[in-house]
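Tertiary structure, described
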Amino acid sequence: GLFRDVLPAWNDENLKCVAEQIECRLFFAHVRASTGAGIARSNCHPFRYGSWLFMHNGQIGGYAEIRHELDRLIAPAYYRYRQGGTDSETFFYILLSNGLESDPPAAFARTVAQVESVMADAGITKALRLTAAATDGEAIHAVRYASDDRAPTLYFGLGQPAGAPDSALMVLSEPLDSKAEDWREVPMSRFVTACDGGVDDAAF
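So, here's what we can say about the structure. Every chain's residues receive numbers from 1 upward, in the order its sequence appears when written. Residue-level local features of this predicted model are given only where pLDDT is at least 70; pairs of side-chain atoms are given and counted only at 80 or more, and the full residue set underlies all totals for whole chains, interfaces and linings. With hydrogens and water stripped out, all remaining heavy atoms of the structure feed into the side-chain values.

Here we look at the packing of aromatic side chains
By convention, a stacked pair of Phe, Tyr or Trp rings (six-membered ring in the case of Trp) has centres within 6.5 Å and planes under 30 degrees apart, an edge-to-face pair has planes over 60 apart, and any other such pair is tilted. With the rule as written, the count across this model stands at nine aromatic pairs. When the ring of Y49 is compared with that of Y81, the centres are 5.2 Å apart and the planes differ by 70°; the resulting orientation is edge-to-face. Of this pair, Y49 sits in strand β1 (residues 47–49) while Y81 sits in the loop between α3 (76–79) and α4 (87–97), and the two are 32 residues apart along the sequence. What makes Y81 partly exposed here is its relative accessible area of 34%. For the purposes of this entry, the term helix denotes a DSSP run of H or I that reaches at least four residues, the term strand denotes a run of E that reaches at least two, and both are numbered from the N terminus. Exposure is judged per residue with a 1.4 Å probe applied to protein chains only, and the accessible area is read against the type maximum: over 50% gives exposed, under 20% gives buried, and values in between give partly exposed.

Concerning the sheet that holds strand β7 (residues 183–185)
Strands are treated as partners if at least two bridges between them are detected by DSSP. Spatial ordering of the open sheet is given by β6-β5-β7, a layout of three strands whose pairing is antiparallel. Of all the strands in the sheet, the pair left with one neighbour each is β6 (168–172) and β7. The sheet shows a mean angle of 15° between the axes of neighbouring strands, taken without regard to direction. Judged from the three bridges that link them, strand β5 (residues 155–159) and β7 form a sheet pairing that is antiparallel. The residue of β7 that forms the bridge with G157 is W183. Think of each axis as a best-fit line through the C-alpha atoms, taken over the contacting stretch in the case of a helix, with angles from 0 to 180 degrees between the N-to-C directions.

Thoughts on the packing of helix α2 (residues 63–71) against α4
Two quantities define a packed helix pair, namely the angle between the axes and the distance from one axis to the other. At a minimum axis distance of 11 Å, the contact between α2 and α4 shows a crossing angle of 25°. Here α2 lies roughly parallel to α4, going by the angle between them. By crossing handedness, the relation of α2 to α4 is classed as left-handed. Contact residues: Y63, L70 and D71 in α2; D87, T90 and I94 in α4. Lys, Arg, Asp and Glu make up the charged group, whereas Ala, Val, Leu, Ile, Met, Phe, Trp, Tyr, Cys and Pro make up the nonpolar group; the residues left over, Gly among them, are polar. Partitioning the contact of α2 with α4 into residue classes produces three nonpolar, one polar and two charged. Roughly parallel means an angle under 35 degrees; roughly antiparallel, over 145; roughly perpendicular, 65 to 115; everything else is oblique. For any helix crossing, the convention is left-handed if the near helix is rotated counterclockwise from the far helix by under a right angle, and right-handed if that rotation is clockwise. By the convention used here, residues are in contact when the closest approach between their heavy atoms is within 4.5 Å.

Quick word on the pairing of β5
Of all the five residues making up β5, four are buried; the element is thus mostly covered by neighbouring parts of the structure. One ladder, built from five bridges, connects β5 with β6; its direction is antiparallel. What sits directly across from F156, in β6, is V171.

Brief notes about the pairing of strand β8 (residues 190–195)
Bridge analysis of strand β4 (residues 140–146) against β8 gives five bridges, and the strand direction is antiparallel. Residue pairing in the sheet places R144 in a bridge with R190 of β8.

Examining the environment of S51
Checked against the element boundaries, S51 lands in the loop between β1 and β2 (52–60). As for S51 and P76, which are separated by 25 residues in sequence, their C-alpha atoms are 19 Å apart. Not counting residues within four places of it along the chain, the set of residues in contact with S51 comprises T135, D136 and G137.

Some thoughts on the side chain of D71
Within the secondary structure, D71 sits in helix α2. At 3.4 Å, the side chain of D71 and the side chain of Y79 are in polar contact. If we skip the residues at most four places from it in the chain, D71 touches Y79, R82 and T90. Any N or O atom pair separated by 3.5 Å or less is treated as a polar contact, with the protein-specific requirement of one donor-capable and one acceptor-capable atom, and with residues adjacent in sequence counted only for side-chain atom pairs.

Quick look at the environment of L2
Here L2 shows up in the segment before α1 (13–20). Exposure remark for L2: the relative accessible area of 37% places this residue in the partly exposed category. For the pair L2 and G197, spaced 195 residues apart in sequence, the C-alpha to C-alpha distance is 25 Å. Beyond its immediate stretch of four places on either side in the chain, L2 contacts P46, R48 and L53.

Encoded structure:
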């Protein structure tokens, strides 16, 4: 299921009512701060294709200058599903074109390499900053990367959301609480996969 709106999550009565009626083993949530694209549901994270969801903190440097070139990296089979105008959605559909559904780590690696190549060819000096996560409903695949040293943060650990009966394995941009021992910061250039069995952490 997918629920998106332009209202702040903490001020959205519909979201509160919907959340009271839902039970699920895996939740994906994102609060977006626009980096240029218009404020519209079609530009709100997460983005969805089939059973896959994707969300992203960061930016593709110089995106407006290279948007056309990046669009050409999206396979026609996926391009027709694109609805918004964000760099995040573009990245998602390039990921799908590079095999996200069958090999998430390789798809992320290929996509980052392609995007950085397009940026270099266009003389873009602004950074690619990428803390992103994708899920097929069974596992969460997340990466923390930047072409400079300023990737947005990424953490994982066990926490207990308000009202939840048990603790949950979480992958998030900031710790849920101040208990430092509950959270592990993902270093730069790392790829993590979280599922029922725990978290696998590998170089990216």
